[in-house]
Structure formats: structure tokens, C-alpha cells
Amino acid sequence: MHIIVLGAAAGGGFPQWNSACPVGQRAWAGDPAAKWRNQCSLAVSADGISWTLLNAAPEVRHQILATPALQPKETPRHSPIKSVVLTNGDIDHVAGLLTLRESQPFTLHATQAILDVLAANPIFNALNPAFVERGAFTLDQEVDVGNGLAIHPFAVPGKVPLYMEGEAVNVGAETEDTIGLEVEDGEGDRFFFIPGCAAVTPALAERLRGAPLLFFDGTLWTDDEMFKGGTGRKTGGRMGHMSLSGPDGSMAALQALNIRRKIFLHINNTNPILLDDSPERAEVEAAGFEVAFDGMQIVL
Ligand code: MLT
Ligand code: MN
């Protein structure tokens, strides 16, 4: 199985267009230790020829430009991208669907809740239904995404998309709104992709125990990082993202689960682990975790 990280950053990317926080300033200055990152998406393939995107980031065109495997190979119209799977309805994960118009056949897989959000936004009708089939999957049931890959979708603690929030938001709900994926090829290789997660519940810990590879929500280093840095008013907890550090953080929750490779992605532009030379990056790596970057490739 081939995996390419197309984007390792959280919503807004790194640097974010309006953010000159200390971490972002290093990126704006072109510091090589502060690599720019697109918003969160992976490309996965069983054979290296036909590919599935996990989420469709706003930068998907740029991601294709940077990734020869995803570029058209046959005249006059062609794409190696055969399917797209969504883990939630947030803008960083769905806006790229608008770029994938142009009557190119592929299948779009998501929960009914996420497909309903898209259906309620007529701009997504730009994905011509004659070419783009939308398939609702059921949580905890295997889905064949058509190119030698199967996915197992499961709910993780999360919430509805930010732009769908009403007065009362049930953060931490385990519903169709925020899911994780286990991706498997026909040869026994598998990995987990969980770009947004509010908590590692005992059930999630058991699911992940002994996994060969995990991509996990790396949004914030500390829960109050945006609040303290003046870049936002919300905590990570309120946004549906558990933070990495501390006794209640994701590093502590994941460390003892005997997961062979643990990689943080969906990293917010304020998170100091984005800097190759930060003490926080050293701490993450010393604890046995990796930090994803755009173009990172893994072959299982
Ligand atoms: C998130 O992961 O919390 C969202 O991407 C936030 C947003 O839409 O900006
Ligand atoms: Mn996001």
C-alpha cells in the first residue's frame, strides 16, 4: 500500500493567510525549519496506479501539481483519483471537492450525515451526479472503495462542522459527523487515519492497540494555545480536538498502545511542533511520534 501526505496542516494551512503568530512568522520568513504545509489530506493506493483521497483539501489542485502519481496519464481526460472518502464536513476536508468538478468520474464516500451537509449546499452540485456517485456508508461496516482498498469507518468523539454549529454544540458526541478510518489493502496491510478527535476513549484505545500505523489529530500542543496566543477564543476541547501535551493529551493516551508508527497531522498553524528545531518537536519525537509534512511517503 502506498500513502502520500498531501497536506499535514489543520484548517487554514501553515502559514495561515492572516496569522503572524510566532510559529507562523518563521514560516512567512521562509525559514527552512518551518516548512509550509497544506490542509489535511492523504492519497492512498494499493497498486500505485489508482488512488483514493482521504479528504479533499482546498489546495487539492496544488497537491496534484506536486504529486506526479495523481496527474492525468491518458488523453484526453483522465485522473488516477478514483474515489474520495471524507472524515467530516469541515471546510478543510470538503472544499477541494469543488476543484474536482469538470465531469470526471469518481466516487465520493461519506456518512449520510456528511452527504446531507453537502446536499444542503447547492454549490456542491458542481460535482455532476452523472459522473460523481455519492455513496453513503454505514459506520462499522466495511466499504469497498473500488481500487483494491477497503475502509472501515468508525465514529470518534467530535462534533458537527464549525459552520453547522447552532447554539448548543455537543462536543465529544460519537456520531456520523466526525469519523476515523481504518484503511486496508487485500494483502493484510492497514493503517488508521483520525485527523479530528476530541478524546481517546477506552474503546478507541483498544481499536488502535497494536496498529502498524496511525495518523492522528495533531491540531494543538496545549488546549489554550490559541486563547493564550491571541489567535482565537476557543480551546482545543471546544473545537473537538484533544491537544498533544500533558497528562490528558494524545501523546499520553497513545504512547502505551504499542502502535508501531504514530504520526501527527492536521496540525494547527500555532502548534510549535511545526518547527523542526522546537523543544516541543524534540519532545514529540523523544516520545516516539512523528510529525507529518507534505510529500511524506510511506509504503506498507
Ligand atoms: C477544525 O478542524 O476544527 C476545522 O477545520 C475548523 C475550521 O473549519 O476552520
Ligand atoms: Mn479541520
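Report follows, based on the coordinates.

Moving on, we come to the state of the cysteines. Going through the model one piece at a time under the given rule, you end up with 0 disulfides. With no disulfide partner, Cys40 has as its closest neighbouring cysteine sulfur the one in Cys197, 13 Å distant. We classify Cys40 as buried; its relative accessible area is 0%.

Comment: phi is negative for the bulk of residues other than glycine, and the bulk of peptide bonds are trans. Across the junction of Phe14 and Pro15, the peptide omega takes the value -5°, indicating a cis bond. You can see Pro15 is positioned in the loop between strand 1 (2-7) and helix 1 (22-28). Put simply, Thr75 and Pro76 share a cis peptide bond, and its omega is -5°. The backbone phi angle of Asn258 is positive, close to 60°, even though this residue is not glycine. As for its placement among the helices and strands, Asn258 is situated in the loop between helix 8 (250-255) and strand 12 (261-265). At His266, a position not held by glycine, the phi torsion is positive, near 55°. Here His266 lies in the loop between strand 12 and helix 9 (279-286).

Lining the immediate surroundings of ligand 1 are Asp90, Asp92, Leu162, Met239, His241 and His266. At 3.0 Å, a side-chain N or O of Asp92 approaches an oxygen atom of ligand 1. Within the side chain of His241, one N or O atom sits 2.8 Å away from an oxygen atom of ligand 1. Expressed as a share of its isolated accessible area of 270 Å², the protein-covered part of ligand 1 is 78%. Residue composition of the shell around ligand 1, by class: 2 nonpolar, 2 polar and 2 charged.

Here is what the cut-offs are and how they apply
- Residues numbered from 1 in each chain as written.
- Chains lettered and ligands numbered in written order.
- Predicted model: local features only at pLDDT ≥ 70, side-chain atom pairs only at ≥ 80, totals over all residues.
- Heavy atoms only, no water.
- Disulfide = S-S within 2.5 Å.
- Buried < 20%, exposed > 50% of the residue type's maximum accessible area, 1.4 Å probe, protein only.
- Helix = DSSP H or I, 4+ residues; strand = E, 2+ residues; numbered from the N terminus.
- Near = heavy atom within 4 Å.
- Polar contact = N/O pair within 3.5 Å; in protein donor to acceptor, adjacent residues only side chain to side chain.
- Areas by Shrake-Rupley, 256 points an atom, 1.4 Å probe, with all protein chains shown as cover.
- Nonpolar A, V, L, I, M, F, W, Y, C, P; charged D, E, K, R; others polar.

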